[in-house]
Amino acid sequence: MEIALENAMPSYSGGLGVLAGDTIRAAADLRLPMVAVSLLYRKGYFTQRLAEDGSQTEEPVEWRAEDFLTEEPARASVTIEGRRVELRCWRYSAKGVRGFEVPIYFLDADLPGNAEVDRNLTGALYGGDSFYRLCQEVVLGIGGVRMLGALGYNDLTRYHMNEGHAALLSLQLLYDEAMKAGRASIRSEDIEKVRGKCVFTTHTPVPAGHDHFPMEYLTRVFPGQTEFLDLKDAPTADLLKRVLQAEQNFPDLQEAARSGAALNLTQLALSLSTYVNGVAKQHGETSRQMFPGAAIEAITNGVHAGTWTSPPFQQLFDRYIPSWREDNYSLRSALGLPAEEVWAAHLIAKFDLLETVRKKTGLKFDPEAFTIGFARRATGYKRADLILSDLDRLREIVKNAGHFQIIYAGKAHPNDGGGKDIIRRIFHAKKALRKTVPVVFLDDYNLELGGKITSGVDLWLNTPQFPLEASGTSGMKAALNGVPSLSILDGWWVEGHIEGVTGWCIGESRRTAAGNTPADNTAEAESLYTKLESVILPMYYTERAKFLAVMQHAIAINGSFFNTQRMVQQYITDAYLR
């Protein structure tokens, strides 16, 4: 996207939104005929405020769609609880490196003719209860397909659902197939045609990421659609059974609702897709265990190289690897970059980050000191405070191996009390360590700040609880800027890790017979401390040439592969053209 990071629309929440943007940018770079659909969140996500003790409060972000987007004349509608809900859309065009554009359409229900309850459906991402969320997903899935038709996209060959939130689009496609055949209800031949058009990516091994809605919600949203499925048709009845995770067949949807059955949108997407994938090889394995019997492949995530490479490294690559934006694979030539120029580019990015720290907090961090970065959504399984488990041990490491400082950032979900507790614990440790290990937590984590931290630290720290990291992409952004990772072997790092070459691992590989043993925080913290004290800090302070070699391998091996250009090419061959 041509949009500058600091002027980005505040219309997303966390990693999936950023990944979607990177995917679209790569599709534009590759001149892929693609169109993207999302909801317009007029209240954005939130501005994070942190008190002296680390307590988080949230303030909504209001923004004007017309400052960023162009309103389209096309209109579509959905019916919710018998009410007609009119939809408009706003276009943003992501321009690729060769000038090709991919349009993104943001669906908007905030129109004067709609009921107030419906106008608010495109107000806030987390704006209500689960019924509100289901109504939002009706707008996204069903409204999205109808809007594409209104815009003239009538010959689309694939519909790619990212997570189950968009899965209701399959119901609209089924309805369209039945109507073409002159029927009012869906039969097995419609299911086969729709399955041939749909692709589904699951992004989370955490149950909270998979939407379930009571069937009574569905019959409430669509009161007149009780005969939607021809349940005398055996494959159709079997589809309903799978989607409801039920043991018995139901004569109709009303009976399913009365029995207390729940609609599982992930199962709907799994059942109606010709290709399904997780977002890293390890996550593919985890997903197959979560959904036994489903054929789930893996396409490992990436990041958009042109977006996440910092200006000093962009200039360095432009000088020595001029084709890197069009051909990310050419970054493997980073092994031939002059080491002193790699270090000079890194120092510019580091000074920029430390200046941001000074402006935001008034703290002056030492540019000579080894700097560790951790910036992710603050939630339990990511274990942001694992490195702070033993403060005395950290003081010993400083004494034995050299000074270091830690830069944190990350928002907790407004309803995630555990995530908010983690931020408070970091603030508590910051006070206790202030004389020996400078720690800072930068508030209001966003795209611009994320780019500065991933490019400006000396080491990227990642400590998820195995196997809950689906992929993770922050370490990939760091790698593009020559910043190696110290990480648990989960998500993408299982594939990107070569010990002492691209970075370092915490603990042992869990892809063994003992892989199901629970995480041992104490043992993993000790592994982290040992690597830091005996390997990483000594290399940084006394063997800088070796450390620079690791930096160059991070770019050449990880930066050249873990990017959305390779990822989208894989989707084209494995999913879109199959």
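Remember, predicted model here, so these are calculated numbers, not experimental data. (Residues numbered from 1 in each chain as written. Predicted model: local features only at pLDDT ≥ 70, side-chain atom pairs only at ≥ 80, totals over all residues. Heavy atoms only, no water.)

1. What to know about the pairing of strand 8 (residues 159-162)
Thinking step 1. Burial of strand 8 is one-sided: the residues Y159 and M161 facing one way are buried, the residues H160 and N162 facing the other way are not.
Thinking step 2. Bridge analysis of strand 8 against strand 9 (residues 198-201) gives four bridges, and the strand direction is parallel. Note on strand 9: the bridge partner recorded for H160 is V199. (Buried < 20%, exposed > 50% of the residue type's maximum accessible area, 1.4 Å probe, protein only. Helix = DSSP H or I, 4+ residues; strand = E, 2+ residues; numbered from the N terminus. Pairing = 2+ DSSP bridges.)

2. Quick notes on the confidence of the model for the chain
Thinking step 1. Mean pLDDT over the chain stands at 93; residues scoring 70 or higher make up 96%.
Thinking step 2. Low confidence marks residues 1-6, where pLDDT is under 50. Its contacts with residues over four positions away, or in another chain, come to 15 contacts. (pLDDT = per-residue confidence, 0-100. Contact = heavy atoms within 4.5 Å.)

3. Points about the sheet that holds strand 8
Thinking step 1. Strand order in the open sheet formed by four strands is 8-9-12-13, with parallel pairing between adjacent strands. The open sheet terminates on both sides in strands that have one partner only, identified here as strand 8 and strand 13 (297-298).

4. Let's talk about the sheet that holds strand 16 (residues 439-442)
Thinking step 1. Here six strands make up an open sheet; going across it, the order is 16-15-14-17-18-19 and the pairing parallel. Each edge of the open sheet is held by one strand with a lone partner, namely strand 16 and strand 19 (503-506). With strand direction ignored, the average angle separating the axes of adjacent strands in the sheet is 20 degrees.
Thinking step 2. In this structure, strand 15 (residues 404-409) lies alongside strand 16, joined through four bridges in parallel fashion. For Y408, the partnering residue across the bridge sits in strand 16 and is F441.
Thinking step 3. Its contacts with the sheet put helix 13 (residues 339-361) on strand 14 (370-375), strand 15 and strand 16, and the angle it makes with strand 16 is roughly 75 degrees. (Axes fitted to C-alpha atoms, helices over the stretch in contact; angles between N-to-C directions.)

5. Quick notes on helix 1 (residues 14-29)
Thinking step 1. Spanning 16 residues, helix 1 covers 23 Å between terminal C-alpha atoms, matching the ideal 22 Å at 1.5 Å per step.
Thinking step 2. Listed in full, the buried residues belonging to helix 1 are V18, L19, G21, D22, T23, I24, R25, A26, A27, A28 and D29.
Thinking step 3. With its phi angle positive at about 55 degrees, R31 sits one or two positions after the end of helix 1. (Expected span 1.5 Å × (residues − 1).)

6. A short note on the packing of aromatic side chains
Thinking step 1. This model, assessed by the stated rule, comprises 18 aromatic pairs.
Thinking step 2. Between F370 and Y540, the aromatic rings sit 4.8 Å apart at their centres with planes inclined by 65 degrees, giving edge-to-face as the arrangement. With F370 in strand 14 and Y540 in helix 19 (residues 521-542), this pair connects stretches of sequence that are 170 residues apart. Judged on exposure class, the residue F370 and its partner Y540 are both buried.
Thinking step 3. Seen in terms of ring centroids, Y540 and Y541 are 5.0 Å apart; in terms of plane orientation they differ by 85 degrees. Their pairing is edge-to-face.
Thinking step 4. The ring of F131 has R220 lying over it, and the distance from NZ or CZ to the ring centre is 3.5 Å.
Thinking step 5. Its guanidinium or amino end placed over the ring of W308, K477 lies 4.2 Å from that ring's centre, counting from NZ or CZ. (Phe/Tyr/Trp six-rings, centres within 6.5 Å; stacked < 30°, edge-to-face > 60°. Lys NZ or Arg CZ within 6 Å of the ring centre and 35° of its normal.)

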